[in-house]
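# Residue-level structure breakdown
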Amino acid sequence: MINVLRKRLCFLFTSSVMLLFTAVLGLMLHNILASSRSAENDMFQRAASNLLLNLENIGNVSPVFHLYEQDYPFLFFCFDEYGNVLYQTASDDTPQFLGIVNAFEEEIGKEATNYKDSSSYNQSGIFYFSYEDIPYCGIYGETAVSHTQKATVYLIKPKTAIMERLKEELGFYLAIWCMILAAVTAISHFLIHKATQPTESAIQSQKNFIAAASHELKAPLAVILTNAETTADDPDLAAHLQKNLSAIDAECMRMSGLVQDLLLLSSIDSGAWTLTKTSVDIFSFALSVYEKFEPLCRQHRRELVLDLADDVYPEFAADINRLEQILGIFLDNAIHYGQPGSPITLTVRTECKNAGGFLAVHAAGTKCISFTVKDHGPGIPAEDKPFIFDRFYQADKSRTHTQRYGLGLSIAKELVDMHKGKITLTDTPGGGCTFQISFPLATA
């Protein structure tokens, strides 16, 4: 239990810290990208301004464009006021180049151009457009290339994708994230282990005390039972003392049962308990359980109904004594908590279907042997259901059932878990509880 708590706390702590760190890292990356994009736009606009300024009154524009093509990965297109092309970037695919230019002109036509103030040239802001699903950005400017000739210049470049901006740094940030994850995980394990160590020590001390007390109680109980039996055999014993001896014997047997349950749980906790698995004939086993509990049911005015399938049951490996103990716990609870005169049904099936009709499987495609015990009693309140398998927990807060200690279901849960099984609790229609205990055939 303490190990499960530690794992949950470690997961909660680690995921919370990493979520916060990831959010901070994401914000940092966002700011870096925004700064990079802003710097790239500034560079693009400065390049356009310098180009327009250098083209002013130069006459022959080609040398200037050639120099800029060496320094910048831009596409250039320049034409005069009559539409004559003065310069265009050499391209292996002229139709594609002209298509990009046309797409840029269409984007220019969609909105009014805001020119930057300049005494000698006009320059637009940055336009964003796409051609054949590839994003581009462009700047449109006008300048006088001679005293008598004006020219229009397009500067176009592919828009840098976000992942291209990140790919050089992404590996570095991913490595940082993994290092932080490893550090936070190690720290969380250390801190939570330290924080839960006193609780673990207290729980272990409690288990050790229960185990030691259980062992110590066995000897005096045996002495009391032996002396009570010897005294009961005395022919001169008064009749009224026989009742007292019967009460002593009954309470000693009840105490002996509690001690055996505590010793069983102690053995499971220490890992000393092992299962002796054999091949179980389900049909014969179910009949044996029925024959054992049917007289007890009649004694308590209950009818025990055994519901077996018509098909042949497959054999599976289990500790038959523990399997009988598991069913005995659920049948015993049904007998003591069910309504007088109501039936108790023990159903055995190869396909494990719960009350909702869903196939209960432990893994994809794994069928199970299921034992279902259905009673018609007061049932278990919804607020008590999450705790019914806790040790010493009783939904009956008034403790009217003084024969119960709240250990039966916890023992059944431990034994079912050791068999890799599963317990499902549902409400019986009309009142009562339906427990389904399923075991995967894969364990056979």
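Keep in mind it's a predicted model, so treat the numbers as computed, not measured. (Residues numbered from 1 in each chain as written. Predicted model: local features only at pLDDT ≥ 70, side-chain atom pairs only at ≥ 80, totals over all residues. Heavy atoms only, no water.)

### Side note on the nonpolar core
Our working definition: For this analysis, a nonpolar core means a set of buried residues of the types Ala, Val, Leu, Ile, Met, Phe, Trp, Tyr and Cys, connected via side-chain atoms within 4.5 Å. Here the term buried applies to any residue with accessible area under 20% of the maximum for its type, exposed to any over 50%, and partly exposed to those in between, with areas from a 1.4 Å probe on protein chains only. Secondary structure counts use DSSP, requiring at least four H or I residues in a row for a helix and at least two E residues in a row for a strand, with both numbered from the N terminus.
Of all hydrophobic cores here, the largest spans 39 residues; its most connected members are F330 and F371. Secondary structure elements with two or more residues in this core: α6 (282-299), β7 (303-308), β8 (316-318), α7 (320-337), β9 (343-349), β10 (368-374), α8 (408-418) and β12 (433-440). Broken down by element, this core gets its largest block of residues, eight residues, from α7. If you look at the next biggest cluster of nonpolar residues, it comprises 22 residues, including A48, V61, Y68 and F74.

### Some remarks on the environment of D310
Looking at where D310 falls in the secondary structure, it is placed in the loop between β7 and β8. D310 sits in the exposed class, given a relative accessible area of 81%. Between the C-alpha atom of D310 and that of R349, which follows or precedes it by 39 residues, the distance is 9.6 Å.

### Brief notes about the confidence of the model for the chain
Inclusion rule: The predictor rates its confidence in each residue with pLDDT, a number between 0 and 100. Residue contacts are counted whenever heavy atoms from the two residues lie within 4.5 Å of one another.
When pLDDT is averaged along the chain, the result is 80; 81% of the residues meet or exceed 70. Across the chain, element-level confidence peaks in strand β1 (residues 75-80) with a mean pLDDT of 93 and bottoms out in helix α5 (residues 239-270) with 71. Per-residue pLDDT stays below 50 along residues 353-364; that stretch engages in 20 contacts with residues further than four places along the chain or on separate chains. Between residues 397-402, whose pLDDT stays under 50, and residues either more than four places distant or in other chains, the model counts eight contacts.

### Let's talk about a negative patch on the surface
As a reminder, the rule being used: Patch definition: residues above 30% relative accessible area lacking any salt bridge, with like charges linked at up to 9 Å and the nonpolar side chains Val, Leu, Ile, Met, Phe, Trp and Tyr linked at up to 5 Å. For the accessible areas, the method is Shrake-Rupley and the probe is 1.4 Å, while residue cover comes only from the protein chains on display. Basic side-chain nitrogens of Lys or Arg form a salt bridge, by our definition, when they fall within 4 Å of a carboxyl oxygen of Asp or Glu. Charge counting follows a simple rule: Lys and Arg are positive, Asp and Glu are negative, and His as well as the terminal groups are ignored. A charged residue contributes its charge at one atom only: NZ of Lys, CZ of Arg, CG of Asp or CD of Glu.
On the surface, a cluster of negative charge is contributed by D92, D93, E132 and D133. Within the secondary structure layout, E132 lies in the loop between β3 (121-131) and β4 (134-144).

### Section: the sheet that holds β4
The strands making up a sheet associate through hydrogen bonds between their backbones, and the pairing can be parallel or antiparallel. Inclusion rule: A pair of strands is labelled paired if DSSP reports no fewer than 2 bridges between them. Here an angle of 0 to 180 degrees is reported between the N-to-C directions of two axes, which are lines fitted to C-alpha atoms, with helices fitted over the stretch in contact.
Pairing within the open sheet is antiparallel, and its five strands lie in the order β2-β1-β5-β4-β3. Edge strands, defined here as strands with exactly one partner in the open sheet, are β2 (85-88) and β3. Within the sheet, the average angular offset between the axes of one strand and its neighbour, ignoring direction, is 15 degrees. Relative to β2, β1 is paired through three bridges, and the arrangement is antiparallel. Following the sheet pairing, C78 is matched in β2 by Y87. The strands that helix α1 (residues 2-55) touches are β1, β3, β4 and β5 (150-158); relative to β3, the one it contacts most, it runs at about 130 degrees.

### Brief notes about the pattern of salt bridges
Tallied over the full model, the rule gives seven salt bridges. K157 is paired through a salt bridge with E40; the nearest N and O atoms lie 2.6 Å apart. Of this pair, K157 sits in strand β5 while E40 is found in helix α1, placing the two residues 117 residues apart along the sequence. For the pair K157 and E40, one class covers both residues: buried.

### Description of helix α3 (residues 94-110)
This is how the line gets drawn: One fewer than the residue count of a helix, multiplied by 1.5 Å, yields its expected span.
Here α3 is 17 residues long and its end C-alpha atoms lie 25 Å apart, about the 24 Å a rise of 1.5 Å per residue gives. Here α3 has its buried residues at F97, G99, I100, V101, A103, F104, E107 and I108. Looking at the packing, one finds that the buried side of α3 touches β1, β2, β3, β4 and β5.

### Let's talk about the packing of α1 against helix α2 (residues 62-71)
Selection criterion: Here the word oblique covers every angle except those under 35 degrees (roughly parallel), over 145 (roughly antiparallel) and from 65 to 115 (roughly perpendicular). Definitions for this section: a left-handed crossing has its near helix turned counterclockwise from the far helix by less than a right angle. A right-handed crossing has that turn clockwise. Each residue is assigned to one of three groups, with Ala, Val, Leu, Ile, Met, Phe, Trp, Tyr, Cys and Pro labelled nonpolar, Asp, Glu, Lys and Arg labelled charged, and all others, Gly among them, labelled polar.
The interhelical angle for the contact between α1 and α2, taken along N-to-C directions, is 160 degrees, at an axis separation of 10 Å. As summarised for this structure, α1 and α2 are arranged roughly antiparallel, according to the angle between their axes. Handedness of the α1/α2 crossing: right-handed. Only V64, F65 and Y68 of α2 make contact with α1, whose side of the interface consists of A47, N50, L51, N54 and L55. Its residues assigned to classes, the contact of α1 with α2 comprises six nonpolar, two polar and no charged.

### Here we look at the sheet that holds β10
Judged by pairing direction, the sheet is mixed, and its five strands sit side by side in the order β7-β9-β10-β12-β11 without closing on themselves. Edge positions in the open sheet fall to β7 and β11 (422-427), since each of these has one partner strand only. When strand polarity is set aside, the average angle formed by the axes of neighbouring strands in this sheet is 15 degrees. Note that β10 and β12 share seven bridges and pair antiparallel. Paired with C368 across the bridge in β12 is P440. Strands in contact with α6 are β7, β9 and β10; relative to β7, the strand with the most contacts, it is inclined by about 170 degrees. Here α8 sits on the sheet and contacts β11 and β12; the angle it forms with β11, its principal contact strand, is near 135 degrees.

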